[in-house]
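# Structure assessment
Listed here are the chains, written in short residue letters.
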Amino acid sequence: MRYLLILAAAVLLQTSATPAGDADNGKTLFVKVGCYQCHNYEGHGGAAGARIAPNPPPFRGFVSYVRSPKGDMPPYREKTLSEQDLADIYAYLRSRPRPPAAVPLLTSDPVPVRNPAAASSADVSGKPLIDNERVTVWDVTAADPNGPRVEGDSVWVSVSRPGEVVVKSKGARADIAALGGRAIAIDLKNASKPPLENKSGYPNAFPRPGVRKVLENERIIVWDYSWTPNQPTPMHFHDKDVVVVYLADGALKSTTPDGQSTTNEFSVGTTRFNLRDRVHTEVLAKGSGRAVITELK
Ligand code: HEC
């Protein structure tokens with residue numbers, strides 16, 4: 001009987017005891033040994049790893065998993081991370097904020113570009129690519145000098161000359177030939193929205209490392225960004241609606257903090273409207289990736 005009690009107590013200790021840990025030191029270790037690369041700084045999961053914060057598996061299971069993991073995760077042995085180190089990491093994970101509840105994926109509203117081959121002069125006065133409360137967007141070629149008719153202030157993103165952008169005011173048209181022959185025209189409507197307050201715990205989408213700010217005025221900020229293969233962007237929060245004009249052929253995999261992911265293909269000239277209030281990281285999954293991104297204020 002006494003033996004059984006001791007056994008029961010030992011089992012209880014084994015399964016339920018979570019040793020005290022130092023969350024600050026855990027944070028340092030989490031970065032130093034590279035956990036963050038797959039699990040994201042907050043442990044919310046990312047391009048490669050599962051979500052492990054703020055509710056990691058029970059401590060014993062956590063330790064044995066880290067010592068002999070499954071899948072793509074490398075093992076961490078006693079000499080790299082002691083039992084106490086793991087307790088510190090565990091304390092850090094438990095101290096993390098909960099990720100934002102429901103995070104929409106990158107493009108709930110994919111608007112496919114019209115087939116570029118079909119964008120002949122006969123077709124250009126047809127339908128806009130996008131028409132919503134904030135913008136009307138057209139795919140315009142120099143072969144069609146008359147259409148479309150923009151009404152408000154507008155942004156003209158060259159497709160033929162990546163990185164060139166022109167802004168026009170009140171219904172004026174840009175010279176498409178001077179932009180290389182093909183451009184995406186973004187006609188801005190008068191529905192301005194102040195940026196959302198960022199309570200996500202992640203940085204804003206822009207600026208981000210490697211981005212070029214093309215221009216900014218009171219209505220828009222325009223960014224030129226290229227994705228590098230195998231280099232996920234930091235997990236980030238979009239506080240503004242954006243119009244994205246892709247200038248390369250490829251696919252981006254987008255992953256939310258809770259590990260949901262989706263892959264979106266694009267080609268030169270593909271244009272999408274993405275709503276604000278979303279958190280995700282992106283990584284180039286195929287081809288090459290460059291886009292001119294217009295944030296709407
Ligand atoms: C190279 C990427 C990578 C690194 C680095 C990495 N992990 Fe993982 N980890 C993963 C992946 C992928 C999974 C999910 C494995 C599966 O089930 O296929 C995972 C799963 C886990 C799990 C199990 C989650 C569960 O609910 O079962 C824990 C715990 C964990 N990792 C902790 C850590 C810790 C702590 C570190 C650093 C000491 C670390 N990982 C470093 C990729 C990584």
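Quick look at the structure, then.

The rules behind each value
Residues numbered from 1 in each chain as written. Predicted model: local features only at pLDDT ≥ 70, side-chain atom pairs only at ≥ 80, totals over all residues. Helix = DSSP H or I, 4+ residues; strand = E, 2+ residues; numbered from the N terminus. Buried ≥ 20, exposed ≤ 12 C-beta atoms within 10 Å, placed from the backbone. Contact = placed C-beta atoms within 7 Å. Near = placed C-beta within 6 Å. Nonpolar A, V, L, I, M, F, W, Y, C, P; charged D, E, K, R; others polar. Pairing = 2+ DSSP bridges. Core = buried A, V, L, I, M, F, W, Y, C linked by C-beta atoms within 7 Å. Axes fitted to C-alpha atoms, helices over the stretch in contact; angles between N-to-C directions.

The helix and strand tally for the chain stands at five helices and 14 strands. A buried classification covers 37% of the 297 residues belonging to the chain. Long-range pairs, those at least 24 residues apart, make up 72% of the contacts in the chain with a sequence separation of at least 6.

Turning next to the site of the ligand. In the vicinity of the ligand, 22 residues are found, and the nearest of them are Cys35, Cys38, Gly49, Gly71 and Met73. Where the shell around the ligand is concerned, the elements lending two or more residues are α3 (35–39) and α4 (59–67). Sort the elements by how many residues they give to the shell around the ligand and α3 lands first, with four residues. Broken down by class, the residue content of the shell around the ligand amounts to 15 nonpolar, five polar and two charged.

For strand β3 (residues 154–158), a buried count of five out of five residues is recorded, marking the element as mostly surrounded by other parts of the structure. Here β3 shows two buried faces, one formed by Ser154, Trp156 and Ser158 and the other by Val155 and Val157. Summarising the sheet, β3 and strand β4 (residues 165–168) pair through four bridges and their orientation is antiparallel. Pairing of Val155 across the sheet is with Val167, part of β4. Following β3, the chain reverses through six residues before pairing antiparallel with β4; Gly163 in that reversal takes a positive phi of roughly 100°. As defined by bridge partners, β3 adjoins strand β5 (residues 182–188) across five bridges and the pair is classed as antiparallel. Looking across to β5, one finds that Val157 is bridged to Ile184.

For residues other than glycine, phi is negative in most cases, and the peptide bonds are mostly trans. Ala53 connects to Pro54 through a cis peptide bond whose omega is 0°. Assignment of secondary structure puts Pro54 in the loop between α3 and α4. Here the bond from Phe206 into Pro207 is cis, since omega is -5°, no more than 30 degrees from zero. Checked against the element boundaries, Pro207 lands in the loop between β5 and β6 (212–216). Of note in the backbone geometry, Lys170 takes a positive phi value of approximately 40° without being a glycine. Mapped onto the fold, Lys170 is located in the loop between β4 and β5. Given 9 C-beta atoms within a 10 Å radius, Lys170 is considered exposed.

Our next topic: the nonpolar core. Ranked by size, the top nonpolar core spans 36 residues in total, and within it Val137, Ala183, Ala185 and Val245 carry the most contacts. Core analysis: the next-biggest nonpolar cluster, separate from the first, contains 14 residues, Phe30, Leu86, Ile89 and Tyr92 among them.

This brings us to the sheet that holds β3. Judged by pairing direction, the sheet is antiparallel, and its five strands sit side by side in the order β1-β2-β5-β3-β4 without closing on themselves. At either margin of the open sheet sits one strand with a lone partner, and together these are β1 (130–131) and β4. Here seven bridges tie strand β2 (residues 135–141) to β5, and the two strands are oriented antiparallel to one another. Residue pairing in the sheet places Val137 in a bridge with Ile186 of β5.

Turning our eyes to something else, we now look at the environment of Val222. Here Val222 shows up in strand β7 (residues 220–227). Taking the number of C-beta atoms within 10 Å as the measure of exposure, Val222 has 21 and is therefore buried. In this structure, the C-alpha to C-alpha distance between Val222 and Val292, residues 70 residues apart in sequence, is 6.9 Å. If we skip the residues at most four places from it in the chain, Val222 touches Val155, Val165, Val214, Leu215, Val292 and Thr294.

Here the focus is the sheet that holds strand β10 (residues 250–255). Here we have four strands laid out as an open sheet, ordered β8-β13-β10-β11, and antiparallel in their pairing. If you trace the sheet from one side to the other, it starts and ends with β8 (236–238) and β11 (261–266), each paired once. Each adjacent strand pair in this sheet contributes to an overall mean axis angle of 40°, direction not counted. Relative to β11, β10 is paired through six bridges, and the arrangement is antiparallel.

Structurally, Tyr202 is set in the loop between β5 and β6. Sequence separation between Tyr202 and Pro234 is 32 residues, and the spatial gap between their C-alpha atoms is 8.6 Å. Setting aside residues up to four positions removed in sequence, Tyr202 forms contacts with Met235, His236, Phe237 and Val279.

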